[in-house]
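So you can see what is in the structure, the chains are spelled out below.
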Amino acid sequence: MSVPSSFVRPTTRPDEIHRLLTDVERYNPSNTVLLEDYLARQCANPDSTSNHDLMANLALLKLYQFNPEMLDLD
């Protein structure tokens, strides 16, 4: 059985983000800024097909779900 491509570590994912996503720290609200910055970098390079990091983006959404006061709409 193979792992779905959505769950494979993208080659563009920094080690710091990978450690965060594979540890209990993924649920630490103080990491919201790191994940927001990473999402901004993904959006800044929309032409790259390997730039999409589903797991990191879902982790950020989960943090917003449990900590809605952290969402900055600006």
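This text goes with the structure placed above it.
What you are looking at is a predicted structure, and each value in this text was computed from that prediction instead of being measured.

Going through the model one piece at a time under the given rule, you end up with two salt bridges. We note a salt bridge from arginine 9 to aspartate 15, for which the minimum N-O separation is 2.6 Å. Judged by relative accessible area, which is 31%, arginine 9 ranks as partly exposed. The salt bridge involving aspartate 53 is made with arginine 13; its shortest N-O contact spans 2.7 Å. Of this pair, aspartate 53 sits in the loop between α2 (32-44) and α3 (54-66) while arginine 13 sits in the segment before α1 (15-21), and the two are 40 residues apart along the sequence. Overall, the relative accessible area of 7% leaves arginine 13 in the buried class.

The subject of this paragraph is the nonpolar core. One finds Ile17, Leu20, Leu21, Leu35, Tyr38, Met55, Ala56, Ala59, Leu60, Leu63 and Tyr64 forming the largest nonpolar core, which totals 11 residues. The set of elements that each furnish at least two residues to this core consists of α1, α2 and α3. At six residues, α3 tops the list of elements feeding residues into this core.

Moving on: α3. In an α-helix there are 3.6 residues to a turn, and that puts residues three or four apart on one side. For α3, with 13 residues, the first-to-last C-alpha span of 18 Å sits near the 18 Å given by 1.5 Å per residue. Within the sequence span of α3, burial applies to Met55, Ala56, Asn57, Ala59, Leu60, Leu63 and Tyr64. Where α3 is buried, its residues touch α1 and α2.

Turning next to α2. Between its terminal C-alpha atoms α2 stretches 18 Å, which fits the 18 Å expected from 13 residues at 1.5 Å a residue. Taken together, the buried residues of α2 touch α1 and α3.

The next point concerns the packing of α2 against α3. In the contact formed by α2 and α3, the axes pass within 10 Å of each other and the chain directions differ by 135 degrees. In terms of orientation, α2 lies oblique with respect to α3. As α2 runs across α3, the sense of the crossing is left-handed. Contacts from Thr32, Leu35, Glu36, Tyr38, Leu39 and Gln42 of α2 reach α3 at Ala56, Asn57, Ala59, Leu60, Leu63 and Tyr64. Its residues placed into classes, the contact of α2 with α3 shows eight nonpolar, three polar and one charged.

We now examine the environment of tyrosine 38. In this fold, tyrosine 38 is placed in helix α2. For tyrosine 38, a relative accessible area of 3% corresponds to the buried category. Here tyrosine 38 is in contact with Thr12, Arg13, Pro14, Ile17, Asp53 and Ala56, once residues within four sequence places are set aside. Only 2.7 Å separates the side chain of tyrosine 38 from the side chain of aspartate 53, close enough to count as a polar contact.

What counts and what doesn't
- The residue numbering used here restarts from 1 in each chain and proceeds along that chain's sequence as written.
- Selection of residues for local features in this predicted model requires a pLDDT of at least 70, selection of side-chain atom pairs for listing and counting requires 80 or more, and totals for whole chains, interfaces and linings are taken over all residues.
- Remark: hydrogens and water are excluded; side-chain values derive from all non-hydrogen atoms of the structure.
- For salt bridges, the criterion is a side-chain nitrogen of Lys or Arg within 4 Å of an Asp or Glu carboxyl oxygen.
- When a residue's accessible area, from a 1.4 Å probe over protein chains only, is under 20% of the maximum for its type it is buried; when over 50% it is exposed; and in between it is partly exposed.
- What counts as a helix is a DSSP run of H or I of at least four residues, what counts as a strand is a run of E of at least two, and both are numbered from the N terminus.
- For this analysis, a nonpolar core means a set of buried residues of the types Ala, Val, Leu, Ile, Met, Phe, Trp, Tyr and Cys, connected via side-chain atoms within 4.5 Å.
- By this rule the span expected of a helix is its residue count minus one, scaled by 1.5 Å.
- Contact criterion: two residues are considered in contact whenever any of their non-hydrogen atoms come within 4.5 Å of each other.
- Only C-alpha atoms enter the line fits that serve as axes; for helices the fit covers just the stretch in contact. Angles between N-to-C directions range over 0 to 180 degrees.
- The scheme is simple: roughly parallel for angles under 35 degrees, roughly antiparallel for over 145, roughly perpendicular for 65 to 115, oblique for anything else.
- Handedness of a crossing follows from how the near helix is turned relative to the far one, being left-handed for an anticlockwise turn of less than a right angle and right-handed for a clockwise one.
- Side-chain classes are defined by residue name, with Ala, Val, Leu, Ile, Met, Phe, Trp, Tyr, Cys and Pro counting as nonpolar, Asp, Glu, Lys and Arg as charged, and the others, Gly among them, as polar.
- Polar contact is the term for a pair of N or O atoms within 3.5 Å; when the atoms are in protein, one must be able to donate a hydrogen and the other to accept it, and sequence-neighboring residues count only if both atoms are side-chain atoms.

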